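# Topology and contacts: notes
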Amino acid sequence: MSGLRLSDILDPVIQLACEAGRLIESELNRPDGPRGSGFKADVDVEIELLLRRRLKQILDCDFVGEETGCELSAHPFCWVVDPNDGTADFLERRAGSAVSIGLLHNLTPVLGVVHAPVTARGPDCIAWAEGVPELLRNGQPVRVDLTYRQLTDAEHVMVSAAAVSKPQLNAELCAPGRFVAMPSIAYRLARVAAGDGLCAVSLYPVSAHDVVAGHALLRASGGTLVNQDGVEITYRTVAAMSAVSERCFGGAPQACETLLARDWQRLLSNDAS
């Protein structure tokens, strides 16, 4: 394992994520709509079974999945997978859900691939692994540095799709930045890492499978991922994998600090996130 180069396995993981994305697109386009209800789509399990089998062929190590459970043996590497982040919006036929594949090495996110197969810009795959000099977006290198960027009226804050029901309050909480409402915290984090926004926000508890891939992408762009207390999110225990934070803020460190200090509970009290 000492000879493993993560840059060598990134492309096969990207190809696999794109294959899984085609299954999401096909399901979304069913005449009767996607199968499933609430927060569970039938295709999610089908995709994760595919990902689990194929990822372990790429690198046979531990595995944490949203749908098919955990396989933890203290191996230094661990795949962390959400087959279709944003399922509830997906079942409402909203575009923007994403395949999220992350890899931990000694609990540090070292590889991330987030692929949203149906977006306004077409299929969008954002990827990185340690040893790769720049983030890749649809195969093209992207250089983004979030390290010292601050919240201004030229920046975007990525929030959940529910934000459209409370636009005035979301605008106030994201000011002077402008909010962008969209499904999938994984894809929000990925788009921030790729330079489309300054910070991505989730106001509800997230698990490792929601954020490990996006966390890796943020590392490539000088970003951070913190919880509601401003502490960087970690993945130290099985319990922590299940609920890594009550809220999360990912992106430019100074913007995350500014935004997490605001009274987001006002949104939750008004039934919006």
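Quick look at the structure, then. (Residues numbered from 1 in each chain as written. Predicted model: local features only at pLDDT ≥ 70, side-chain atom pairs only at ≥ 80, totals over all residues. Heavy atoms only, no water.)

### Concerning the overall build of the chain
Scanning the chain from terminus to terminus reveals 9 helices and 15 strands. Seen through its C-alpha atoms, the chain measures out along the principal axes to roughly 50 × 45 × 35 Å. Taken across its 273 residues, the chain has 54% of its residues classed as buried. When contacts within the chain are restricted to residue pairs at least 6 apart in sequence, those whose partners lie at least 24 apart make up 60%. Per element, the accessible surface of the chain, about 11,500 Å² overall, is 48% carbon and sulfur. Positive and negative side-chain charges in the chain, numbering 24 and 34 respectively, have mean positions lying 3 Å apart. (Helix = DSSP H or I, 4+ residues; strand = E, 2+ residues; numbered from the N terminus. Buried < 20%, exposed > 50% of the residue type's maximum accessible area, 1.4 Å probe, protein only. Contact = heavy atoms within 4.5 Å. Areas by Shrake-Rupley, 256 points an atom, 1.4 Å probe, with all protein chains shown as cover. Lys, Arg positive; Asp, Glu negative; His and termini not counted. Charge placed at Lys NZ, Arg CZ, Asp CG, Glu CD.)

### So, the pairing of strand 13 (residues 199-202)
Burial along strand 13 is two-sided: the residues Cys 199 and Val 201 and Ala 200 and Ser 202 are all buried. Relative to strand 13, strand 11 (residues 156-159) is paired through 2 bridges, and the arrangement is parallel. Paired with Val 157 across the strands is Cys 199, a residue of strand 13. Of the pairings in the sheet, the one linking strand 13 to strand 15 (residues 248-251) comprises 4 bridges and is antiparallel in character. Within strand 15, the residue paired with Ala 200 across the bridge is Gly 250. (Pairing = 2+ DSSP bridges.)

### Some points on the sheet that holds strand 5 (residues 77-85)
Spatially, 4-3-5-6-7-8-9-10 is the arrangement adopted by the 8 strands of the open sheet, whose pairing is mixed. At either end of the open sheet lies a strand with only one pairing partner, and these are strand 4 (69-71) and strand 10 (140-142). Between one strand axis and the next, the sheet turns through 20° on average, direction left out of account. Direction of pairing for strand 7 (residues 108-116) relative to strand 8 (residues 124-129): antiparallel, over a ladder of 6 bridges. Within strand 8, the position partnered with Ala 116 by the bridge is Asp 124. Packing against the sheet, helix 1 (residues 6-28) makes contact with strand 5, strand 6 (98-105), strand 7, strand 8 and strand 9 (135-137), and its axis sits at approximately 35° to strand 7. (Axes fitted to C-alpha atoms, helices over the stretch in contact; angles between N-to-C directions.)

### Notes on the pattern of salt bridges
Scanning all chains against the criterion turns up 18 salt bridges. The closest approach of N and O atoms between Glu 46 and Arg 35, which form a salt bridge, is 3.3 Å. On the criterion of sequence distance, the pair formed by Glu 46 in helix 2 (residues 42-58) and Arg 35 in the loop between helix 1 and strand 1 (36-37) is long-range, its members being 11 residues apart. Judged by its relative accessible area of 41%, Glu 46 is partly exposed. For Arg 94, the salt bridge identified is with Asp 89, shortest N-O distance 2.6 Å. Look at Arg 94 and you get partly exposed, because its relative accessible area is 41%. The network of salt bridges with shared partners includes Arg 121, Asp 124, Arg 137, Arg 191 and Asp 196. (Salt bridge = Lys/Arg side-chain N within 4 Å of Asp/Glu carboxyl O.)

### Regarding the sheet that holds strand 11
Pairing in this open sheet of 5 strands is mixed, and the strands run 12-11-13-15-14 from one edge to the other. Strands with a single pairing partner mark the edges of an open sheet, and in this sheet they are strand 12 (178-181) and strand 14 (224-227). Between one strand axis and the next, the sheet turns by 20° as a mean value, whatever way the strands run. Note: strand 11 against strand 12, 4 bridges, orientation parallel. Bridging from a neighbouring strand, Met 158 pairs with Val 180 of strand 12.

### A closer look at the side chain of Ser 221
Examined against the element boundaries, Ser 221 turns out to sit in the loop between helix 6 (208-220) and strand 14. Residues contacting Ser 221, with those up to four places away along its chain left out, are Leu 135, Val 144, Asp 145, Leu 146, Thr 147 and Ala 193.

### Structural notes on the packing of helix 1 against helix 2
The interhelical angle for the contact between helix 1 and helix 2, taken along N-to-C directions, is 165°, at an axis separation of 11 Å. By the criterion of interaxial angle, the relationship of helix 1 to helix 2 is roughly antiparallel. As for the relative orientation of helix 1 and helix 2, their crossing is right-handed in sense. Residues Ile 9, Pro 12, Val 13, Leu 16, Glu 19, Ala 20, Leu 23, Ile 24 and Glu 27 of helix 1 lie in contact with helix 2, whose contacting residues are Val 43, Ile 47, Leu 50, Leu 51, Arg 54, Leu 55 and Ile 58. (Parallel < 35°, antiparallel > 145°, perpendicular 65-115°, else oblique. Left-handed = near helix turned anticlockwise from the far one by under 90°.)

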